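Understanding the architecture of this molecule
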Amino acid sequence: MMKELTKAEEQIMLILWEMEEALVKDVIEKMNEPKPAYNTVSTVIRVLEGKGFVDHKAIGNTYIYFPIVKEADYKRFALDKVMNNYFENSYESLVSFLVKEKSMSNEELNEIIQLAEKLTTNK
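What counts and how
Going along each chain's sequence as written, the residues are numbered from 1 onward. Totals for whole chains, interfaces and linings use every residue, but because this is a predicted model, local features are given only for residues with pLDDT of at least 70 and side-chain atom pairs only at 80 or more, for both listing and counting. To get the side-chain values, take all heavy atoms of the structure and skip hydrogens and water. The term nonpolar core refers to a set of buried residues drawn from Ala, Val, Leu, Ile, Met, Phe, Trp, Tyr and Cys, joined through side-chain atoms within 4.5 Å. Only protein chains enter the accessibility calculation, which uses a 1.4 Å probe; a residue is then buried when its area is under 20% of its type maximum, exposed when over 50%, and partly exposed in between. Only runs of H or I of at least four residues qualify as helices and only runs of E of at least two qualify as strands under DSSP, and these elements are numbered from the N terminus. The contact criterion used throughout is that any non-hydrogen atoms of two residues lie within 4.5 Å. A carboxyl oxygen of Asp or Glu within 4 Å of a side-chain nitrogen of Lys or Arg is what we treat as a salt bridge. The split into domains, and so the bounds of each, comes from an automatic or database assignment of domains. By convention, the term buried area covers the 1.4 Å-probe accessible surface removed from two parts as they join, with the contributions of both added. Under the grouping applied here, Gly and all other residues not named as nonpolar or charged are polar, the nonpolar ones being Ala, Val, Leu, Ile, Met, Phe, Trp, Tyr, Cys and Pro and the charged ones Asp, Glu, Lys and Arg. Stacked, tilted and edge-to-face pairs are distinguished by plane angle, under 30 degrees for stacked and over 60 for edge-to-face with tilted covering the rest, among Phe, Tyr and Trp rings (Trp via its six-membered ring) whose centres lie within 6.5 Å.

Topic: the nonpolar core
The biggest cluster of nonpolar side chains holds 21 residues, and the ones touching the most others in it are Ile12 and Val27. For this core, the secondary structure elements donating two or more residues are helix H1 (7-19), helix H2 (24-30), helix H3 (38-50) and helix H4 (71-86). No other element matches H1, which puts five residues into this core. If sequence neighbours within four positions are ignored, Ile12 has contacts with Val27, Met31, Val41, Val44, Ile45 and Leu48.

What follows is the structure in structure tokens.
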């Protein structure tokens, strides 16, 4: 069973998904200012390893970390959680929320409908 990521874990995973593999210092370089301490990032990466999101290969004393959970799989998990917790698993409720709360234009709404039609006909 996949676990939810904290904000810090998610930030690091986004970097690892983008880079595909990295040293702790590479992850820190990609982070916004103020950059967290090396030990902080290293600890979060070890937590991600414990949660089964990340693994490493050792080259001497150096660890190269890489994601073992695909970004698409986590996106699906996160969306399912949001849909279940906030929209009663109703995409109609989600679209209604987007139109009302995010001032979605008719053009944007039509683009979503066209994309949905395209995706369902390509199955």
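A look at the pattern of salt bridges
Summed over the entire model, instances satisfying the criterion amount to six salt bridges. Close ionic contact of Glu18 with Lys30 constitutes a salt bridge, the shortest N to O distance being 3.0 Å. Of the two residues, Glu18 is situated in helix H1 and Lys30 in helix H2; the sequence distance between them amounts to 12 residues. Classification of Glu18 as exposed rests on a relative accessible area of 53%.

Describing the domain arrangement of the protein
Each assigned domain of the protein is listed here: domain 1 (1-89) and domain 2 (90-122). If you look at the interface, domain 1 gives five residues, while domain 2 gives five residues. Approximately 480 Å² of surface area, both sides summed, lies buried where domain 1 meets domain 2, with 67% of it carried by carbon and sulfur atoms. Of all residues in domain 1, the largest losses of buried area upon contact with domain 2 belong to Met83, Phe87 and Asn89, amounting jointly to 81% of the total for that side. Applying the counting rule to domain 1 against domain 2 returns zero salt bridges. In the side of domain 1 that touches domain 2, the residues fall into three nonpolar, one polar and one charged.

Focus on the packing of aromatic side chains
What the rule picks out here adds up to five aromatic pairs. Residues Phe53 and Tyr74 carry aromatic rings whose centres are separated by 5.7 Å and whose planes lie at 75° to one another, so their mutual orientation is edge-to-face. Of the two residues, Phe53 is situated in the loop between H3 and strand E1 (54-59) and Tyr74 in helix H4; the sequence distance between them amounts to 21 residues. One aromatic cluster in this structure is built from Trp17, Phe53, Tyr74 and Phe77.

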